[in-house]
Amino acid sequence: MTRISQYIGQGIAYTLFAVVIGYFATKPTYTYLEPGKAQIKLSFGHAGDHKTECRQLTQEELNKLAPNMRRPLDCPRGRLPVLIELELDGELLYSEALPPSGLAGDGVSTAYKTFAVEPGQHRLVARLRDSNRSEGFDHEKASEITLSPMQNFVIDFHPSRGGFLFL
């Protein structure tokens with residue numbers, strides 16, 4: 001008798017667990033994007049320039065180093081933050097100085113931002129500074145775009161592929 005009641009108890013527990021999982025798999029509903037809106041998504045990872053220039057080691061400095069540490073260039077690890085700006089129809093949509101990742105500040109700066117905008121014709125300008133200049137930008141792209149409702153428009157950045165990519 002106890003064996004049968006154990007099986008019945010297990011069956012009830014599994015059924016309740018399945019009902020709870022089934023409910024939360026469908027409720028509450030999550031709306032990714034408001035109906036009638038389009039989305040601009042900025043997503044990239046890019047490393048800024050080194051904070052300081054690499055310098056050539058002299059022969060004396062090389063001789064002081066162990067043989068396995070003798071590299072002709074001394075390059076510090078730290079990188080500059082990457083400044084990113086997005087402008088939509090002449091209004092600044094996003095502006096941020098993205099710090100480099102990593103414990104030594106030598107990794108890539110990453111961005112992932114989404115913006116819900118009205119569908120239709122827009123002028124989009126993307127700018128990026130990855131050097132130590134104090135004004136202006138190193139990369140810039142402007143384009144007339146047409147967004148339809150519920151469209152996902154992605155902005156990526158690859159310097160080897162010409163800079164900003166509008167996808």
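In this report, the structure presented in the accompanying data block is examined.

Calculation rules
- Residues numbered from 1 in each chain as written.
- Predicted model: local features only at pLDDT ≥ 70, side-chain atom pairs only at ≥ 80, totals over all residues.
- Heavy atoms only, no water.
- Salt bridge = Lys/Arg side-chain N within 4 Å of Asp/Glu carboxyl O.
- Helix = DSSP H or I, 4+ residues; strand = E, 2+ residues; numbered from the N terminus.
- Buried < 20%, exposed > 50% of the residue type's maximum accessible area, 1.4 Å probe, protein only.
- Polar contact = N/O pair within 3.5 Å; in protein donor to acceptor, adjacent residues only side chain to side chain.
- Contact = heavy atoms within 4.5 Å.

**Section: the pattern of salt bridges**
Phase 1 of the analysis: Taken as a whole and assessed by the stated rule, the structure comprises 9 salt bridges.
Phase 2 of the analysis: As a salt-bridge pair, D106 and R77 come within 2.7 Å of each other at their nearest N and O atoms. Linking D106 in the loop between β5 (91-98) and β6 (109-117) with R77 in the loop between β3 (73-74) and β4 (82-88), this pair joins segments that are 29 residues apart in sequence.
Phase 3 of the analysis: For R77, a relative accessible area of 53% gives the class exposed.
Phase 4 of the analysis: Sharing partners across several salt bridges, the network here consists of E85, E87, R127 and E140.

**Thoughts on the side chain of H46**
Phase 1 of the analysis: Relative to the assigned elements, H46 resides in strand β1 (residues 38-46).
Phase 2 of the analysis: Side-chain polar atoms of H46 contact the side chain of D130, separated by 2.7 Å.

**A few points about the side chain of R127**
Phase 1 of the analysis: You can see R127 is positioned in strand β7 (residues 120-129).
Phase 2 of the analysis: Exposure remark for R127: the relative accessible area of 14% places this residue in the buried category.
Phase 3 of the analysis: A polar atom in the side chain of R127 sits 3.3 Å from the side chain of E87.
Phase 4 of the analysis: If we ignore the near neighbours within four places in the chain, the residues touching R127 are L83, I84, E85, E87, F137, H139, E140 and F164.

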